[in-house]
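Residue-level listing of the chains:
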Amino acid sequence: MKFLHISDTHLGYNQYGLLERGKDFFDAFKQAIDIAIENNVDFVLHTGDFFHTSRPSNNTFLEAINLVNRLKDRNIPIFVISGNHDRGNQIRDISPLKILENLGLTVLDGKSVEFNGITISGVKYISKLALRSYPLKEILEKLLEKAPKTDFHILMLHQEFNPYFPDSNLYIHSDIPEGFNYIGIGHYHIPQEPISINDTKVVFAGSTEFTSYNKNEENYPKGVHLIDISGKQIDYKFIPLQTRPFIYKTLTDETFEEELKNLKIELEDKEFHKKPVLVLKGDFKEISQRDIKEIINELNLEDDTLHIRYNFSFDSSFVSSEFEKIELKDEFINSKLKELIDDNEMYEEVISLISQLKTFENIDEMKKFLQEF
Ligand SMILES: [Mn+2]
């Protein structure tokens, strides 16, 4: 029996407020579905954040339904759990995934099913706060008790595990009881080599596209995991996806002009299947964002890229005290926001949104951007 494990597709995420980026996320999902069909898998596992929000747009639903239907036409079911992005508020509303249940998708939020002689169980994302009153281990022990007894048991989770989330108190070795043969985990966006604990395989699947910037992510391709459990051992293969290229460059005070000129040559020389997103980084002491933008405009770098993202920090000590006050105010606002927004990914998004809002010249421009965001 073969299955494809995918995760964190974040459908409906128009990153940087760009519809093109929204299409990229669907493209990646489509590739995953093609791989499932080509490899004749028996089913697909999706470990959460199927949608980017718990309120996907009609358009997002329609496109998702069309893709899920391609699997349904071939009798390939999808087993999925809700992630932190799409679990919905359980009091006011249900997970949007429930709407896809009639299309061959099964939501396993706290449930187990038997499928072709194996057991598949899942637990939706549980917040840190909720885990304080209901430890994960207890939840999983109860799930194990009630689950159909078969020779192979798959568990799906969408949680923050240490060491990938260094602040987390969850550990795969101590917080998951014995009794599962394959543990698929979503939430961490960088795919990992499988971990073996006795005979259990643990796979941190990673996302199918790039979401918020993580410096550890620069050198990892996005992909899906093909698992064959027909033999005595679990066969594992990582299949990379062809996602939009991201180019990362670190600039310096002294040589930023030259670096940008070289970058221009590199961008013109290379053939890309899609226009790349350029991520510029740097800690500057002597120059300002304006200096860099001037060169970027001169070189017309915008023409060679889909989007340019600035991850800069500037030393405020060389500018006037007035400017310094603004920098301090920023730091204060950021720390307050951090307290307010528990989810790190969401926090990064809000910070990036604020920094983008600062670049607008007038309120109409800003309103237009927010509508598309
Ligand atoms: Mn995610």
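A. A look at the packing of helix α6 (residues 256–269) against helix α7 (residues 289–299). At a minimum axis distance of 10 Å, the contact between α6 and α7 shows a crossing angle of 30°. As summarised for this structure, α6 and α7 are arranged roughly parallel, according to the angle between their axes. As α6 packs across α7, the resulting crossing turns out to be right-handed. The residues of α7 that touch α6, namely those facing Phe256, Glu257, Leu260, Lys261 and Lys264, are Asp291, Ile292, Ile295, Ile296 and Leu299. Class assignment of the residues belonging to the contact of α6 with α7 gives a composition of six nonpolar, no polar and four charged.

B. Quick look at the domain arrangement of the chain. For the chain, the domain assignment lists domain 1 (2–240) and domain 2 (246–372). Taking the mean C-alpha position of each, domain 1 and domain 2 sit 32 Å from one another. Taken together, the 19 residues of domain 1 in the interface contact 17 residues of domain 2. Across the domain 1/domain 2 interface, buried area totals approximately 1,700 Å², and carbon plus sulfur atoms make up 53% of it. A per-residue breakdown of the area domain 1 buries against domain 2 is headed by Tyr16, Tyr213 and Glu218, which together make up 38% of the total. Between domain 1 and domain 2 we count three salt bridges in total. Salt-bridge contacts for Lys274 lead to Asp27; the nearest nitrogen and oxygen are separated by 2.7 Å. For the side of domain 1 that touches domain 2, the residue count by class is five nonpolar, nine polar and five charged.

C. Structural context of the nonpolar core. Counting 31 residues, the largest nonpolar core has Leu4, Val44, Phe50, Phe51, Leu100, Leu105 and Val224 as the members making the most contacts within it. Only β1 (2–6), α1 (19–38), α2 (58–73), β3 (78–80), β4 (105–107) and β11 (223–228) provide two or more residues apiece to this core. A total of seven residues in this core trace back to one element, the largest contributor, which is α1. Not counting the four nearest positions on each side in its chain, Leu4 is found in contact with Ala32, Ile35, Ala36, Val41, Phe43, Val44, Leu45, Val224, His225 and Leu226. Formed by 20 residues, the second largest nonpolar core is a distinct cluster that contains Leu143, Ile176, Ile183 and Tyr188.

D. Focus on the coordination of the manganese ion. Only Asp8 (OD), His10 (NE2), Asp49 (OD) and His189 (NE2) from the protein reach the manganese ion as donors, at distances of 2.1 to 2.3 Å. Residue class for His189 comes out buried when judged on its relative accessible area of 8%.

E. Geometry of the packing of aromatic side chains. Across all of its chains, the model carries 19 aromatic pairs by this definition. Each ring, one from Phe43 and one from Phe115, has its centre 5.4 Å from the other, and the planes form 75°; the classification is edge-to-face. With Phe43 in strand β2 (residues 43–46) and Phe115 in strand β5 (residues 111–115), the pair connects residues that are 72 residues apart, well separated along the chain. A relative accessible area of 0% places Phe43 in the buried class. Summarising the aromatic geometry, the rings of Tyr164 and Tyr188 are spaced 4.8 Å apart at their centres and angled 25° between planes, so their arrangement reads as stacked.

Cut-off values and rules
Throughout this description, residue numbers start from 1 for each chain and increase along the sequence as written. At least 70 in pLDDT is required for a residue's local features to be given in this predicted model, at least 80 for side-chain atom pairs to be given and counted, and no such filter applies to totals for whole chains, interfaces and linings, which use all residues. To obtain the side-chain values, all non-hydrogen atoms of the structure were included, while hydrogens and water were left out. An axis is simply a line fitted to the C-alpha atoms; with a helix, the fit covers only the stretch in contact. Between two such axes, the angle follows the N-to-C directions and lies from 0 to 180 degrees. Helix and strand labels come from DSSP, where a helix needs a run of H or I of at least four residues and a strand needs a run of E of at least two; each type is numbered from the N terminus. Here roughly perpendicular refers to angles of 65 to 115 degrees, roughly parallel to angles under 35, roughly antiparallel to angles over 145, and oblique to all remaining angles. Two helices that cross are described as forming a left-handed crossing if the nearer one is turned anticlockwise from the farther one by less than a right angle, and a right-handed crossing if clockwise. Working rule for contacts: check all heavy atoms of both residues, and any pair within 4.5 Å makes them a contact. Charged means Asp, Glu, Lys or Arg here, nonpolar means Ala, Val, Leu, Ile, Met, Phe, Trp, Tyr, Cys or Pro, and polar covers whatever is left, Gly included. Boundaries between domains were set according to an automatic or database domain assignment. A quick way to say it: buried area is the sum, across both parts, of accessible area lost when two parts are put together, with a 1.4 Å probe. We define a salt bridge as a side-chain nitrogen of Lys or Arg found within 4 Å of a carboxyl oxygen belonging to Asp or Glu. Grouping buried Ala, Val, Leu, Ile, Met, Phe, Trp, Tyr and Cys residues that are joined through side-chain atoms within 4.5 Å yields what is termed a nonpolar core. Buried residues are those whose accessible area, probed at 1.4 Å on protein chains only, stays under 20% of the maximum for their type, while exposed residues exceed 50% and partly exposed ones sit between those limits. A donor here means an N, O or S atom no more than 2.8 Å from the metal, or no more than 3.2 Å when the metal is Na, K or Ca. Since water is not included, a site may seem to lack partners. Note on aromatic contacts: the rings of Phe and Tyr and the six-membered ring of Trp form a pair at centre separations within 6.5 Å, being stacked when their planes are under 30 degrees apart, edge-to-face when over 60 apart, and tilted otherwise.

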